[in-house]
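A structural walkthrough
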Amino acid sequence: MATLTNDDKALPSAPKTPLVAAGLLVAVVSAVTFSLSGPLGRGLFDTGWSTGGVLIFRVGIGAVVLAPFAVRQLAGRWRTVVASWRAVVAYALLAIVVPQFAFFSAVQWMAVGPALLVEYMGVVLVVAWMWARHGERPSRLTMAGALVAIAGLVLVLDLVSGADVDPIGILWASGAAVGLAGYFVLNAHSATTMPPLPMAWLGLSAATVLLGVLCLVGAIPFAMATAPAVLAGWEVAWWVPLIGLGVLTCSVAYATGIAASRRLGSRLSSFVGLLEVVSAVVFAWLLLGEAPAPIQIVGGLVVLAGIIAVRQGERATRVG
């Protein structure tokens, strides 16, 4: 992220009111579409797909879907791409490859719930980064909302009954948290004149190339299968969840994520992103038959309360 310091002033701290409503809606779309990645990916992993196989196809399909729209928006503005190459590379690495690969690596050593909770500690890193780097001191209400939202996640993930964790898994999940923080910070980096959709396309394209190289050299295991996947109790062709991963959880999720962060700022958008965890529990119930416990439902309401508190606290943000 150091390569972007010359433009740091462009990071918004308190979004204007007319942008908030639309930004919140777009942020919710991003969180919900991202939350499908776990259940859809699980369906492929169960048939023999590897992390590398799922990631490269997911990111690659996302890039292909966005290509025609992005090229149209970039007509006559290709110099913008050259001027923003550092931002694109940083986005591909920190916002796409690192969080995705680190998270899927973490779940090979620990349960999905604890890994997801550790990853979403990245929202706390966002608050710390904005405070340390830009002097944006969070209000007491923002801090309180952060604690409430984190407490709600503990309930949603049902960790109060105890969880089996592994030190290696914690390290991978911590790497995912850093990547998640980079995702929200870079999304809000509006100094570049490149629109959100082309930025997402270029980032996904660069990430596809990087993942391809890593798979070719054996740094990331690559395997795919053509056996049917099981979703919501039904057998579906292997390409169904793969298309869902590429179109919904990648092209739509990343494009709306960038747009939302530029309207809301990295801090608020990161806390709205916590809805991904709640939504993931719902989709796991519908697609995988993993029904949420009553305590998880309560946790979802607590997360929503925390997000509302963070939103109100943003209005009281002080710079200095």
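Residues numbered from 1 in each chain as written. Predicted model: local features only at pLDDT ≥ 70, side-chain atom pairs only at ≥ 80, totals over all residues. Heavy atoms only, no water.

Naming follows an unreviewed UniProt entry, where the protein chain appears as Threonine/homoserine efflux transporter RhtA of Nocardioides albertanoniae. UniProt's Sequence similarities (unreviewed entry) comment on the protein chain is quoted here verbatim: "Belongs to the EamA transporter family." UniProt, in its Subcellular location (unreviewed entry) section for the protein chain, records the words "Membrane". (UniProt positions renumbered as here; feature names shortened; annotations may be inferred.)

**Description of the overall build of the protein chain**
In terms of helices and strands, the protein chain carries 14 helices and 4 strands. In the protein chain, which comprises 320 residues, the share counted as buried stands at 54%. Summarising the internal contacts of the protein chain: among those between residues at least 6 apart in sequence, 91% fall at separations of at least 24. Surface exposure of the protein chain reaches about 14000 Å², of which carbon and sulfur atoms provide 70%. (Helix = DSSP H or I, 4+ residues; strand = E, 2+ residues; numbered from the N terminus. Buried < 20%, exposed > 50% of the residue type's maximum accessible area, 1.4 Å probe, protein only. Contact = heavy atoms within 4.5 Å. Areas by Shrake-Rupley, 256 points an atom, 1.4 Å probe, with all protein chains shown as cover.)

**Section: the confidence of the model for the protein chain**
Scored by pLDDT, the protein chain has a mean of 78; 83% of the residues are at 70 or more. Taken element by element, the predicted model of the protein chain shows its lowest mean pLDDT in strand E4 (residues 318-319) (45) and its highest in helix H3 (residues 51-73) (91). A low-confidence stretch, residues 1-15 stays under pLDDT 50, and its non-local contacts, those more than four residues away or across chains, total 34 contacts. (pLDDT = per-residue confidence, 0-100.)

**A look at helix H11 (residues 239-264)**
Taking 1.5 Å of rise per residue, the 26 residues of H11 would be expected to cover 38 Å, and the 35 Å separating its terminal C-alpha atoms lies within 8% of that figure. The sharpest bend along H11 comes to roughly 35°, located at Ala253. When you tally the buried positions in H11, you get 19 out of 26 residues, the bulk of the element. Just downstream of H11 lies Gly265, where phi reads positive at about 90°. (Expected span 1.5 Å × (residues − 1). Bend = angle between axes of the 7 residues up to and from the residue.)

**Points about the nonpolar core**
Residues Tyr91, Tyr254 and Leu274 are the most contacted members of the largest nonpolar core, which totals 76 residues. With 14 residues, the single largest contributor to this core is helix H5 (residues 85-106). Filtering out sequence-adjacent residues up to four positions away, Tyr254 remains in contact with Phe34, Tyr91, Ala95, Ile96, Gln100, Tyr183, Ala200, Leu204 and Thr249. Listed in part, the 12 residues of the second largest apolar core include Leu44, Ala225, Leu245 and Phe283. (Core = buried A, V, L, I, M, F, W, Y, C linked by side-chain atoms within 4.5 Å.)

**Details of the packing of H3 against H11**
Packing of H3 against H11 brings their axes to within 8 Å, and their N-to-C directions diverge by 60°. Crossing of H3 against H11: the hand is right-handed. Contact residues: H3 offers Val54, Phe57, Arg58, Val59, Ile61, Gly62, Val65 and Leu66, while H11 offers Leu242, Ile243, Leu245, Gly246, Val247, Thr249, Cys250 and Ser251. Classifying every residue of the contact of H3 with H11 by side-chain character gives 11 nonpolar, 4 polar and 1 charged. (Axes fitted to C-alpha atoms, helices over the stretch in contact; angles between N-to-C directions. Left-handed = near helix turned anticlockwise from the far one by under 90°. Nonpolar A, V, L, I, M, F, W, Y, C, P; charged D, E, K, R; others polar.)

**Here's the deal with the environment of Val118**
Mapping Val118 onto the fold places it in helix H6 (residues 112-119). The buried category is assigned to Val118, whose relative accessible area is 19%. Distance in space between the C-alpha atoms of Val118 and Trp172 is 9.4 Å, their sequence separation being 54 residues. In this structure, Val118 is in contact with Ile170, Ala173, Ser174 and Ala177, ignoring residues within four places of it in sequence.

**Notes on the packing of aromatic side chains**
Scanning the model with the defined rule gives 6 aromatic pairs in all. Relative to Trp172, the ring of Phe101 lies with its centre 5.5 Å away and its plane at 90°, an arrangement referred to as edge-to-face. Taken together, the residues span a long stretch of sequence, with Phe101 in helix H5 and Trp172 in helix H9 (residues 167-187) at a distance of 71 residues. The class of Trp172 is partly exposed, set by a relative accessible area of 32%. One aromatic cluster is present, built from ring pairs that chain together Trp49, Phe57, Phe222 and Trp238. (Phe/Tyr/Trp six-rings, centres within 6.5 Å; stacked < 30°, edge-to-face > 60°.)

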